[in-house]
Amino acid sequence: MHAAVGDRLLVRGTVVGERDRQGEIIEVRGSGGEPPFMVRFEDGHQALVYPGPDAVVVPAQGSSHGGS
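Now for a description of the structure that goes with this document. Numbering of residues starts from 1 in each chain and follows the order in which that chain's sequence is written. Only residues with pLDDT of at least 70 are given local features in this predicted model, and only at 80 or more are side-chain atom pairs given and counted; all residues enter the totals for whole chains, interfaces and linings. Note: side-chain values were computed over all heavy atoms of the structure, leaving out hydrogens and water.

Details of the environment of Ala4
Heads up, the rule is: Where helices and strands are cited, they refer to DSSP runs of H or I of at least four residues and of E of at least two residues respectively, numbered from the N terminus.
Counting through the fold element by element, Ala4 comes out in the segment before strand 1 (8-11). Through-space distance from the C-alpha of Ala4 to that of Glu34 is 8.9 Å; in sequence the pair is 30 residues apart.

Quick look at the structure:
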């Protein structure tokens, strides 16, 4: 999985009743766009995320990289 600052991270809820979460990638700490990513979620909190198989990178508009 690859990402760039400004991309969005969508994390699907894995438990019945759990909502999907999404946030903006504000920092890429891995080399070459690899995780971990610092993400600012919709509720304003920030977290260092190592995305699992339930996560998808949505490229920012105009981004030229491949996303996930």
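Let's pick the thread back up.
Brief notes about the sheet that holds strand 3 (residues 37-41)
Convention followed: Pairing between strands requires that DSSP locate at least two bridges from one strand to the other. Working convention: axes come from line fits to C-alpha atoms, limited for helices to the stretch in contact. Angles between N-to-C directions cover 0 to 180 degrees.
If you trace the five strands from one edge of the open sheet to the other, you get 4-3-2-1-5, paired in antiparallel fashion. Of all the strands in the sheet, the pair left with one neighbour each is strand 4 (46-49) and strand 5 (55-58). On average, each strand axis in the sheet is inclined to that of its neighbour by 35°, with strand direction left out of account. Where strand 3 lies against strand 4, four bridges are found, and the strand directions are antiparallel. Across the sheet, Met38 pairs through a bridge with Leu48, a residue of strand 4.

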